[in-house]
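If you want the building blocks of each chain, they are given just below.
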Amino acid sequence: MSDFSLSDLEAILAERAKAPSSQSYTASLVEAGMPKAARKLGEEAVESIVAALEGDKDELTKEAADVLYHLLVVLRIAEIPLDNVLAELAQRTGQSGLAEKASRGA
């Protein structure tokens, strides 16, 4: 088990976003803005779904990593810290998922 965390990845992304876009994929995504980054997140999510439906654990692992990376890029562009998302998740775990969903009217 690795000690690497999503917070570590968020910090790496923050540093790489400062690099010239010609030298950093992260910087190029941030520079391209939300439309490009959000599309990439969607593409990776679809690829994850396909891998899951095909039962390809190795491919699903790789695609899940891509989803997490691109989600953090989207959150960075939106100026939403990972800690805000984690706090939301922590709040939701205080009740059952069905009760939480009903409270949102979903």
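Student: Mind showing me how you'd approach the side chain of E63 here?
Tutor: As for its position among the elements, E63 is in helix 4 (residues 57-77). K40 provides the closest opposite charge to the buried, unpaired E63, separated from it by 8.2 Å. Setting aside chain neighbours within four positions, we find E63 in contact with E44, E47 and S48.

Student: It is not clear to me how unusual backbone geometry should be interpreted in this structure. Could you clarify?
Tutor: The phi torsion of most residues other than glycine is negative, and most of the peptide bonds are trans. Backbone geometry places E79, a non-glycine residue, at a positive phi of 60°. Here E79 lies in the loop between helix 4 and helix 5 (82-92).

Student: When you look at the packing of helix 2 (residues 25-32) against helix 4 in this model, what are you seeing that I'm missing?
Tutor: Between two packed helices, what matters for the description is the angle formed by their axes and the separation of those axes. It is at 10 Å that the axes of helix 2 and helix 4 come closest, and there the two elements cross at 45°. As far as their axial angle goes, helix 4 and helix 2 are oblique. In terms of crossing hand, the pair formed by helix 2 and helix 4 is right-handed. Contacts between helix 2 and helix 4 pair Y25, T26, L29 and V30 from the former with Y69, H70, V73 and I77 from the latter. Looking at side-chain class alone, the contact of helix 2 with helix 4 contains six nonpolar, two polar and no charged residues.

Student: What am I meant to see in the packing of aromatic side chains here?
Tutor: Each pair of aromatic rings is reported with the distance of its centres and the angle of its planes. In the structure shown here, the tally under the stated rule is one aromatic pair. Ring geometry for Y25 versus Y69: centroids 6.1 Å apart, planes at 20°, classification stacked. Highlighted residues: Y25 in helix 2 and Y69 in helix 4, separated in sequence by 44 residues.

Student: What is the right way to look at the environment of R76 in this model?
Tutor: Secondary-structure assignment places R76 in helix 4. If we ignore the near neighbours within four places in the chain, the residues touching R76 are L13, A14 and A17.

Student: Can you walk me through the environment of A32 in this structure?
Tutor: Along the polypeptide, A32 turns up in helix 2. Distance from A32 to L68, taken between C-alpha atoms, is 19 Å for residues 36 residues apart in sequence.

What counts and how
- Residues numbered from 1 in each chain as written.
- Predicted model: local features only at pLDDT ≥ 70, side-chain atom pairs only at ≥ 80, totals over all residues.
- Heavy atoms only, no water.
- Helix = DSSP H or I, 4+ residues; strand = E, 2+ residues; numbered from the N terminus.
- Buried < 20%, exposed > 50% of the residue type's maximum accessible area, 1.4 Å probe, protein only.
- Lys, Arg positive; Asp, Glu negative; His and termini not counted.
- Salt bridge = Lys/Arg side-chain N within 4 Å of Asp/Glu carboxyl O.
- Contact = heavy atoms within 4.5 Å.
- Axes fitted to C-alpha atoms, helices over the stretch in contact; angles between N-to-C directions.
- Parallel < 35°, antiparallel > 145°, perpendicular 65-115°, else oblique.
- Left-handed = near helix turned anticlockwise from the far one by under 90°.
- Nonpolar A, V, L, I, M, F, W, Y, C, P; charged D, E, K, R; others polar.
- Phe/Tyr/Trp six-rings, centres within 6.5 Å; stacked < 30°, edge-to-face > 60°.

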